[in-house]
Amino acid sequence: MDLTYTEAEEQFRRELRAWLGANIPDEWTRPGFWESLGDDESFRVRRDWERDKALAGFAGIEWPAEFGGRGGTPGMKAIYDEETVRAHAPRTVNPLGLAFLAPTVMAIGTDAQKKEIVGPLLRNEVIWCQGFSEPGAGSDLAALSTKGVRDGDDFVVNGQKVWTTNAVHGDKIFTLVRTEPGSQRHRGISMLLIDMHQDGVDARPLKQMSGASEFGEVFFDDARVAATDVLGEIGDGWRTAMLLLSFERGASGIGQYTEFRRQYDEIVDVARRLGRHTDPVIRGRLARVLTELECLRLHAMHVLTQVEQGRDLGFEASMTKLQWSETFQDLWEVYDDILGEDATLDSLGELDLRPLHAQAMWSRSVTIWGGSSQVQRTITAERVLGLPR
């Protein structure tokens, strides 16, 4: 693997680091700041900041310049992921649109879709949600039952989606809908681009155990969408969805490693302040997690090297998801063990534990969403190792 960056990439790092340093207020980097804001206020601040970042040329790092991107290299994207984490930059408010929808539109969208979707998405003028999971179709996505019936030049959509990120703040949703009556499994599905600001769409928040409402559920009750607002071919939505999800495969994990390494240092600091850093069992577990983190870093550089060489990682992406999600979960299990019974408290003396508690609770979800660990192990076994079903 190649552990170095080119001079052009390092110059990009210097430019990005300077811009971040000048545009991230000190208060944003303080523990608990974002948790102190309400969901709506946090969303507004992050949306405005991200728009300014795009206008400054620090968004769509690998996107072609014709779509408003920087036309950069995979190495620049890895540097971007690393530096934004180091600088405590706000989380994106348009994650699924940026990671999945825009690259898919650039690849197979119509000229009108490319013009109407990509630029406004990059500047956060339109917030996109992803409507895949349903109450009866989670890991088995092909079991979806939301239906779209053709009515002249439109589809009329009825059904429900769940675990929809940013549902209550979304402007539009790219969603899988069964548009051919009587079709089953992967056939007869279309990917529709639906305006959420209409009477037939009702988005409701779902409160998580951390108190946040990052997810929601979306109900379609005779919602209408033009037949021209189909991404890909009508009835071929499964192929479109597989293309869309394939854009996750180039992610190297550099950003995750950088964030998890910082969190590791915070957890070690908690152990020291509570006098629990001398416990040999705790020390052993911290050492083990640190080893896992360094393995994640090396794997991330391996993936980045493969991507720079033009290799399609394909199903090997499942191994990356397994490694980062389970390392993250192991890290926060050590945190819980350090606190013991004190994990039920919001603070210990002057030590405010609430931001760390939020991360610990979030860690329980990462081996479920984006393909559960069980599903990822099955994919790795069958598609990478060639084991029988």
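Predicted model, so just to flag it, every value in this text is computed and none were measured.

Cut-offs and rules
Residues numbered from 1 in each chain as written. Predicted model: local features only at pLDDT ≥ 70, side-chain atom pairs only at ≥ 80, totals over all residues. Heavy atoms only, no water. Pairing = 2+ DSSP bridges. Helix = DSSP H or I, 4+ residues; strand = E, 2+ residues; numbered from the N terminus. Axes fitted to C-alpha atoms, helices over the stretch in contact; angles between N-to-C directions. Parallel < 35°, antiparallel > 145°, perpendicular 65-115°, else oblique. Contact = heavy atoms within 4.5 Å. 1 Å grid on protein atoms, 1.4 Å probe; cavity = no way out; pocket = protein on both sides within 12 Å on 5 of 7 lines; lining within 4 Å. Points joined across faces, edges and corners; volume = space filled by probe spheres on them. Nonpolar A, V, L, I, M, F, W, Y, C, P; charged D, E, K, R; others polar. Buried < 20%, exposed > 50% of the residue type's maximum accessible area, 1.4 Å probe, protein only. Salt bridge = Lys/Arg side-chain N within 4 Å of Asp/Glu carboxyl O. Left-handed = near helix turned anticlockwise from the far one by under 90°. Phe/Tyr/Trp six-rings, centres within 6.5 Å; stacked < 30°, edge-to-face > 60°. Lys NZ or Arg CZ within 6 Å of the ring centre and 35° of its normal.

(A) Broad picture of the pairing of strand β3 (residues 154-165). Where strand β2 (residues 147-151) and β3 come together, five bridges link them in antiparallel fashion. What sits directly across from Gly148, in β3, is Val157. Following β2, the chain reverses through two residues before pairing antiparallel with β3; Gly152 in that reversal takes a positive phi of roughly 65°. Inspection of the sheet shows β3 paired to strand β7 (residues 215-226) by ten bridges, in the antiparallel sense. Directly across from Phe155, in β7, lies its bridge partner Val225.

(B) How the structure looks around the packing of helix α4 (residues 74-86) against helix α9 (residues 280-308). Two elements in contact, α4 and α9, have axes separated by 9 Å at closest approach and are oriented at 150°. Taken as axis vectors, α4 and α9 run roughly antiparallel relative to one another. Each of Pro74, Gly75 and Ala78 in α4 lies in contact with α9, whose residues at this interface are Leu304, Val307 and Glu308.

(C) Just the layout of surface pockets, in detail. Looking at the second largest pocket, its volume works out to about 200 Å³. Lining of the second largest pocket is provided by Phe315, Gln374, Val375, Thr378, Ile379, Glu382, Arg383 and Arg389. Here the residues of the lining of the second largest pocket are counted per class, giving three nonpolar, two polar and three charged.

(D) Representation of the environment of Ile189 in the model. Along the chain, Ile189 falls in strand β5 (residues 189-195). The class of Ile189 is buried, set by a relative accessible area of 0%. Counting along the chain gives twelve residues from Ile189 to Val177, while the straight-line C-alpha distance between them is 5.5 Å. If we ignore the near neighbours within four places in the chain, the residues touching Ile189 are Leu144, Leu176, Val177, Arg178, Thr179, Gly235, Asp236, Gly237 and Trp238.

(E) Inspection of the pattern of salt bridges at higher detail. Per the stated rule, a full pass over the model turns up 30 salt bridges. For the salt bridge of Glu134 with Lys161, the shortest nitrogen-to-oxygen distance reads 2.8 Å. One end of the pair, Glu134, is in the loop between β1 (128-131) and β2; the other, Lys161, is in strand β3, and 27 residues separate them in sequence. Among the residues examined, Lys161 registers a relative accessible area of 0% and is labelled buried. One salt bridge in this structure joins Arg377 and Glu326, with 2.9 Å as the shortest N-O distance. Highlighted residues: Arg377 in helix α12 (residues 373-384) and Glu326 in helix α10 (residues 317-339), separated in sequence by 51 residues. The class of Glu326 is partly exposed, set by a relative accessible area of 24%. In this structure, a network of salt bridges that share partners links the residues Glu10, Arg13, Arg17, Glu82, Glu83 and Arg86.

(F) Spotlight on the packing of α10 against α12. Closest axis-to-axis distance for the α10/α12 pair is 9 Å, and the angle between their directions is 145°. Note on packing geometry: the crossing formed by α10 with α12 is left-handed. Between α10, through Ser318, Met319, Lys321, Leu322, Ser325 and Glu326, and α12, the contact on the second element is made entirely by Ser373, Gln376, Arg377, Ile379, Thr380 and Val384. Broken down by class, the residue content of the contact of α10 with α12 amounts to four nonpolar, five polar and three charged.

(G) Spatial organisation of the packing of aromatic side chains. Counted according to the given criterion, the structure contains 15 aromatic pairs. Aromatic pair Phe260 and Phe328: ring centres 4.6 Å apart, planes at 25°, arrangement stacked. One end of the pair, Phe260, is in helix α8 (residues 254-273); the other, Phe328, is in helix α10, and 68 residues separate them in sequence. One exposure class covers both Phe260 and Phe328, and it is buried. Lying across the ring of Phe155, Arg150 places its NZ or CZ 5.3 Å from the centre.

In short, geometric facts, not functional conclusions.
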